[in-house]
Amino acid sequence: MSDIPLTEKVHGYEIKKSVLFENDRGFALAENPNAPQPFVTWQFTENEGGGRDYYWGHYTQSAESAAKDFKARVTDYQQSYGVSEKSARSAPDVYKYYSTQRPVDIGTFPKTENGPAEIVNFDQRESVENGKFQAWGYLLYRAPLTEKQMADYELRAAPGNPDRFRLTSVQLEQRAQVVGKWEQAKHIPDAKRLTWWYPDFGVFVKNELISDAELSKRYEKVMESKSRAARKTPIAERLKAGAKQAAKDNAIRPMPTKNTGKDR
């Protein structure tokens, strides 16, 4: 089995959740079921190469306590330093291939620079993918295998693999417009764009060199960013709105009447 990790691990703890701020500081929640204290939250610093240095760990035996501590550390830091979140780092794409004719063993699968990152054998041949077919086990790679590699080793790709993900024409058009406008507004360099402007029809179209999965992933990030921005109203605007509402309340509040004693 390859020692390439599918998820980030630190001192035996698997990172389950993390938040990175614009100043390249952040917090992470991790778990190690075999540790005396299985849960931990760390603060970390991200360097220019994308690596992270973890420190100031808070360890606990309770998943609930760890989740609360993670939320509290993130909130306290954000309020103390007034920083915004960066987009979360997306997990690397993983490609699953089933061994349909035999258990996975030496010489029964292709070895590439991208894996296999993990090999799993079942106790017997089992139905997989909601009963669509049967397999003896599966392998995970960080990049797709070729059709020849799959045929040579009688492997079958999982239907949900990123390279087999397909959008409908309506979904494709919608995502291309959203991503295209975002890329244009952010002045994304041509080499990193996923869409092109098609002047003949006045619309954005997907770059033919990228997959539907890549476009959909960026679309989700754009929508998530818009959602966060909508929830974050600047303090100055909130104060202005509060003052305006207070003035309005005072304007419609009835003046108190003086009690002259005549009603007694």
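Not measured: the values here are computed from a predicted model.

What counts and what doesn't
Residues numbered from 1 in each chain as written. Predicted model: local features only at pLDDT ≥ 70, side-chain atom pairs only at ≥ 80, totals over all residues. Heavy atoms only, no water. Pairing = 2+ DSSP bridges. Helix = DSSP H or I, 4+ residues; strand = E, 2+ residues; numbered from the N terminus. Axes fitted to C-alpha atoms, helices over the stretch in contact; angles between N-to-C directions. Buried < 20%, exposed > 50% of the residue type's maximum accessible area, 1.4 Å probe, protein only. Contact = heavy atoms within 4.5 Å. Polar contact = N/O pair within 3.5 Å; in protein donor to acceptor, adjacent residues only side chain to side chain.

Draft legend 1. Molecular detail of the sheet that holds strand β6 (residues 95-99). Pairing within the open sheet is antiparallel, and its 4 strands lie in the order β7-β8-β6-β9. Lying at the two open borders of the sheet, with one neighbouring strand each, are β7 (118-128) and β9 (155-157). Taking each pair of neighbouring strands and ignoring which way they run, the sheet shows an average axis angle of 30°. In this structure, β6 lies alongside β9, joined through 3 bridges in antiparallel fashion. Bridging across to β9, tyrosine 98 finds its partner in arginine 156.

Draft legend 2. Local environment of the environment of histidine 58. Examined against the element boundaries, histidine 58 turns out to sit in strand β5 (residues 52-60). Take histidine 58: its relative accessible area is 38%, and that puts it in the partly exposed class. C-alpha separation for the pair histidine 58 and valine 40, spaced 18 residues apart in sequence, amounts to 5.3 Å. Every residue in contact with histidine 58, bar those within four places of it in the chain, is listed here: Phe39, Val40, Thr41, Asp69 and Arg73. At 3.5 Å, the side chain of histidine 58 and the side chain of arginine 73 are in polar contact.

Draft legend 3. Fine view of unusual backbone geometry. Of note, the bond from glycine 115 into proline 116 is cis; its omega dihedral lies within 30 degrees of zero at 15°. Inspection of the secondary structure assignment puts proline 116 in the loop between β6 and β7. One non-glycine residue, aspartate 24, lies in the positive phi region at around 65°. If you trace the backbone, aspartate 24 turns up in the loop between β2 (13-20) and β3 (25-31). Here histidine 187, not a glycine, exhibits a phi torsion of approximately 55°, which is positive. Of note, histidine 187 is situated in the loop between α3 (169-185) and β10 (195-198).

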